[in-house]
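# Structural features, examined
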Amino acid sequence: MDSSNVVYVSNDPDIKLFNEGHTSKKTVVLTFDDGPGRVLPEILDILKEENVPAVFFWQSRLLYPQRPWGRVMEEGHQIGTHSSKHSNYVNLTPHEQIQDLHNSKTKIESIIGQEVKLFRPPYGQYNEHTIAAAKQLGLSTIMWRISSMDWELKEQPEQIIANVIENLEEGAIILLHELAQTVEALPALIAEIRNKGYEFSLL
């Protein structure tokens, strides 16, 4: 999973923490890492019922053809790469980074039949070679502004909601994962975000 505080700060102009779309409404972006996993159908059911778009960052090793990737696209969500197998890119050579990123991008594209334009580094760890590799492959590097810390909160879904709601701000990208506790928290999280006057957008 990703190691970070609830609010992520970066001064790197090549790292995206906020959605930069300009509308008259307050918006945030829901993102889900580490899939496609077993709870993906449940997440999609909730998003469909609530009419909420989301961005999924997937490890290409988990993208078996029988996983419901088609439904993700049909229902208006976005798919990005989260590497081939969640290696920490900081521990890889520049060549290993671009090779892994290229392989993951190519595999996902070969299955979904659509260009992949978004990338999130595993563990939220990156260096200048990571950013250069992403640029070379035409990928935008997407981090997050708010982390739900959901991977640490298996028994506390209510804290997942609090971590997000207490840090809401315009355009914030929110980090979630394809986990059972996230599924449990998701309907109430969506309701609370809307209660604060926000809508949901894509990147």
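Quick summary incoming for the structure in this document. (Residues numbered from 1 in each chain as written. Predicted model: local features only at pLDDT ≥ 70, side-chain atom pairs only at ≥ 80, totals over all residues. Heavy atoms only, no water.)

Within this structure, the stated rule accounts for three aromatic pairs. Residues Phe 56 and Trp 58 carry aromatic rings whose centres are separated by 6.1 Å and whose planes lie at 50° to one another, so their mutual orientation is tilted. Accessibility assignment for this pair places Phe 56 and Trp 58 in one class, buried. Taken together, the aromatic side chains of Phe 32, Phe 56 and Trp 58 make up a single cluster linked through ring pairs. The cationic tip of Lys 26 hangs over the ring face of Tyr 198; the distance from NZ or CZ to the ring centre is 4.2 Å. (Phe/Tyr/Trp six-rings, centres within 6.5 Å; stacked < 30°, edge-to-face > 60°. Buried < 20%, exposed > 50% of the residue type's maximum accessible area, 1.4 Å probe, protein only. Lys NZ or Arg CZ within 6 Å of the ring centre and 35° of its normal.)

Two elements in contact, helix 1 (residues 40–50) and helix 6 (residues 180–195), have axes separated by 9 Å at closest approach and are oriented at 25°. Considering the angle they form, helix 1 stands roughly parallel to helix 6. Seen from above, helix 1 lies across helix 6 with right-handed handedness. Here helix 1 contributes Glu 42, Ile 43, Ile 46, Leu 47 and Glu 50 to the contact with helix 6, which in turn contributes Val 183, Leu 186, Pro 187, Ile 190 and Arg 194. Here the residues of the contact of helix 1 with helix 6 sort into seven nonpolar, no polar and three charged. (Axes fitted to C-alpha atoms, helices over the stretch in contact; angles between N-to-C directions. Helix = DSSP H or I, 4+ residues; strand = E, 2+ residues; numbered from the N terminus. Parallel < 35°, antiparallel > 145°, perpendicular 65-115°, else oblique. Left-handed = near helix turned anticlockwise from the far one by under 90°. Contact = heavy atoms within 4.5 Å. Nonpolar A, V, L, I, M, F, W, Y, C, P; charged D, E, K, R; others polar.)

Note that Arg 38 resides in the loop between strand 2 (27–35) and helix 1. A residue is classified by how much of its surface remains accessible, and Arg 38, at 79% relative accessible area, is exposed. For Arg 38 and Gly 138, which are 100 residues apart along the polypeptide, the C-alpha to C-alpha distance reads 30 Å.

Within the largest apolar cluster, 62 residues are counted, with the highest numbers of intra-cluster contacts made by Leu 30, Leu 47, Phe 56, Leu 186 and Ile 193. If you tally residues by element for this core, the top one is helix 6, at six residues. When near neighbours in sequence (up to four residues on either side) are disregarded, Ile 193 contacts Val 28, Leu 30, Val 164, Ile 165, Leu 168, Ile 174, Tyr 198 and Phe 200. (Core = buried A, V, L, I, M, F, W, Y, C linked by side-chain atoms within 4.5 Å.)

This part takes up the pairing of strand 8 (residues 173–177). Across the five residues that make up strand 8, a large majority, five, are buried. Alternating positions in strand 8 separate into two faces, Ile 173, Leu 175 and His 177 on one and Ile 174 and Leu 176 on the other, with burial throughout. Bridge analysis of strand 2 against strand 8 gives five bridges, and the strand direction is parallel. Its bridge partner being in strand 8, Thr 31 is matched across the sheet by Leu 175. As paired elements, strand 7 (residues 146–147) and strand 8 share two bridges and run parallel to each other. Bridge pairing links Ser 147 to Leu 175 in strand 8. Remark: the strand 7/helix 5 (residues 157–165)/strand 8 crossover connection has right-handed handedness. (Pairing = 2+ DSSP bridges. Right-handed = clockwise from strand over helix to strand, strands pointing away.)

The subject of this paragraph is the packing of helix 5 against helix 6. As a packed pair, helix 5 and helix 6 sit with axes 8 Å apart at the nearest point and diverge in direction by 40°. By the angle between their axes, helix 5 is oblique relative to helix 6. Considering only the axes of helix 5 and helix 6, their crossing is right-handed. On helix 6, the residues that touch Pro 157, Ile 160, Ile 161, Val 164 and Ile 165 of helix 5 are Gln 181, Thr 182, Glu 184, Ala 185, Ala 188, Leu 189, Glu 192 and Ile 193. Tallied by class, the residues present in the contact of helix 5 with helix 6 amount to nine nonpolar, two polar and two charged.

Function cannot be read off these values alone, since they describe shape.
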